Amino acid sequence: MTGRIPIFITGVTGYIGGTLLNRLLNHPDANTFDITALVRNSEKARILESKFGVKTLIASHAEHDRIEEAVAANHVILHIADSDDEPLNKAILRGLKRRHDTTGDLPILIHTSGTGLLTDNARGEYATETIYSDLNIEQIKSIPPTAFHRNVDLLVIGADEEGYARTHIVLPSTVYGIAAHPLVEAGISNPYSMQIPLLIRSSLARKRAGVIGKGLSLWPSVHIDDRLSRGTLFTVADMYIVLLDSILHHPDTTGHGWEGLYFGESGEHRWLDISLAIGRAMYELGLADSPDPTPFSHEEILKYFGNEWFGYYHGTNSRARADRARALGWKPTHSTEDMLASIKPELEVYAKKQ
Ligand SMILES: NC(=O)c1ccc[n+]([C@@H]2O[C@H](COP(=O)([O-])OP(=O)(O)OC[C@H]3O[C@@H](n4cnc5c(N)ncnc54)[C@H](OP(=O)(O)O)[C@@H]3O)[C@@H](O)[C@H]2O)c1
């Protein structure tokens, strides 16, 4: 490809997408990128354009025709917003096909899914023995079409099989840490993740750490982004960068399609370990009478998680090994201990907001 590489990115006002956009803006090859970000808030779009030099498409995910058109105008699509919006993802795939059919280009998609794909119905009662490796294609293919995220993931893989795009899927696990970078400071991007903050907020609300069932089920985790403090490649944002660099510089040896699923993990925890860390922090800060977590009741699950399925999701097993990204040169060094140590400072932030 001659000239700058046109890149279209979604989710930049979010936690992962904002961190990734910051990385792209600071990439050694940043001057070869021509970035357009989808944003629905016009004020954030104005700041992105004026302060960060990022072009914007002001649109919501429901504007499928405009998204299809924007996708068709770009060689690389980084979709970091909503893994499960099937109509949105179909619009993205139509845009890729249109680009291929009209220009002959083989566009690149990096879609974001999640290790929620691997979850069971353990409800915190046991740890499974089953561990998924993203290098084990037969094991990956054996995941049922009814699994969480699978409907969209199969569409994305199908596009690669049809041959009109090279598709890749990043599957982050529990992403943790408070994102701190200029896009957060400018009020554009969300600095907070999902799972741990939800457990923290619900525990603060009930004045006691909560856990789903016995909390014995296992999940992986991965840090969002603090390369500046540790000086190496090991966060989930780096994983996207390592993958993008590999796609751009070594397209024929970078796994795509069925060989293009990339789990994001650098450690594994029991849900109980998170609840114990929340309980300890609350007790030390005088926010609970006891450090010991208690199980969320059925009523609490509905109250704090919105519905039963999402509540029990926080007691599932999801065991994954990020073997494929490591093989590309991604070197995560954060451990489960780092994740657990991140909980107290994050809890202090939420306690102040109460
Ligand atoms: N965080 C994790 O631990 C984790 C783990 C595994 C997978 N994931 C997946 O990764 C993706 C990104 O997660 P995240 O933590 O970065 O989420 P987030 O902080 O909530 O960001 C979501 C992004 O999507 C945008 N968005 C949502 N609905 C939209 C709509 N209708 N129109 C336009 N924009 C819309 C949001 O824009 P606004 O700012 O305008 O709302 C925001 O930029 C999600 O699909 C999530 O399921 C996350």
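These remarks concern the structure in this document. Since we're looking at a predicted model, the values are computed, not measured.

### Observations concerning the side chain of Arg150
Inference 1: The residue Arg150 is located in helix 6 (residues 150-162) in this model.
Inference 2: Within the structure, Arg150 has its side chain in polar contact with the backbone oxygen of Ile140 (distance 2.7 Å).
Inference 3: Among all residues touching Arg150, those that are not within four sequence positions of it are Leu117, Ile140, Lys141, Ile143, Pro144, Pro145 and Trp258.

### A look at helix 10 (residues 236-249)
Inference 1: Compared with the 20 Å implied by 1.5 Å per residue over 14 residues, the 20 Å span of helix 10 between its first and last C-alpha is a close match.
Inference 2: Of all 14 residues that make up helix 10, 11 are buried, and the element is covered over most of its length.
Inference 3: Along helix 10, the positions that sit buried rather than exposed are Val236, Ala237, Asp238, Met239, Tyr240, Ile241, Val242, Leu243, Leu244, Ser246 and Ile247.

### As for the pairing of strand 4 (residues 76-79)
Inference 1: Neither face of strand 4 is exposed, since Val76 and Leu78 on one face and Ile77 and His79 on the opposite face are all buried.
Inference 2: The sheet contact formed by strand 4 and strand 5 (residues 108-112) spans 4 bridges and is parallel. Looking at the pairing, Ile77 lines up with Leu109 of strand 5.
Inference 3: One crossover worth recording links strand 4 to the parallel strand 5 by way of helix 4 (residues 86-103), and it is right-handed.

### Quick notes on the site of the ligand
Inference 1: Of all residues adjacent to the ligand, which total 20 residues, the nearest are Thr13, Ile16, Arg40, Ala81 and Ser83.
Inference 2: Within the backbone of Ala81, a nitrogen or oxygen atom sits 2.7 Å from an oxygen atom of the ligand.
Inference 3: In the complex, the protein chains occlude 78% of the 900 Å² of accessible area that the ligand would expose alone.
Inference 4: Taken together, the residues that form the shell around the ligand break down as 7 nonpolar, 11 polar and 2 charged.

### As for the pairing of strand 11 (residues 261-264)
Inference 1: Alternating positions in strand 11 separate into two faces, Leu261 and Phe263 on one and Tyr262 and Gly264 on the other, with burial throughout.
Inference 2: As defined by bridge partners, strand 7 (residues 166-172) adjoins strand 11 across 4 bridges and the pair is classed as parallel. Looking at strand 11, one finds that Val170 is bridged to Tyr262.

### Details of the packing of helix 8 (residues 195-206) against helix 16 (residues 343-353)
Inference 1: Packing of helix 8 against helix 16 leaves a shortest axis separation of 10 Å and a crossing angle of 55°. Looking at the two axes, helix 8 sits oblique to helix 16. Of the two possible hands of crossing, helix 8 and helix 16 adopt the one that is right-handed. Between helix 8 and helix 16, the contacting residues are Ile196, Pro197, Ile200, Arg201 and Leu204 on the first element and Ile343, Glu346, Leu347, Tyr350 and Ala351 on the second.
Inference 2: Along the lines of polarity and charge, the residues of the contact of helix 8 with helix 16 split into 8 nonpolar, no polar and 2 charged.

### Concerning the sheet that holds strand 2 (residues 33-39)
Inference 1: With parallel pairing, 7 strands are arranged side by side in an open sheet as 3-2-1-4-5-7-11. Each end of this open sheet is capped by a strand with a single partner; those strands are strand 3 (55-58) and strand 11. Neighbouring strand axes in the sheet, compared pairwise and without regard to direction, differ in orientation by 20° on average.
Inference 2: By the bridge criterion, 3 bridges tie strand 1 (residues 5-9) to strand 4 in an arrangement that is parallel.

About the cut-offs
Residues numbered from 1 in each chain as written. Predicted model: local features only at pLDDT ≥ 70, side-chain atom pairs only at ≥ 80, totals over all residues. Heavy atoms only, no water. Helix = DSSP H or I, 4+ residues; strand = E, 2+ residues; numbered from the N terminus. Polar contact = N/O pair within 3.5 Å; in protein donor to acceptor, adjacent residues only side chain to side chain. Contact = heavy atoms within 4.5 Å. Expected span 1.5 Å × (residues − 1). Buried < 20%, exposed > 50% of the residue type's maximum accessible area, 1.4 Å probe, protein only. Pairing = 2+ DSSP bridges. Right-handed = clockwise from strand over helix to strand, strands pointing away. Near = heavy atom within 4 Å. Areas by Shrake-Rupley, 256 points an atom, 1.4 Å probe, with all protein chains shown as cover. Nonpolar A, V, L, I, M, F, W, Y, C, P; charged D, E, K, R; others polar. Axes fitted to C-alpha atoms, helices over the stretch in contact; angles between N-to-C directions. Parallel < 35°, antiparallel > 145°, perpendicular 65-115°, else oblique. Left-handed = near helix turned anticlockwise from the far one by under 90°.

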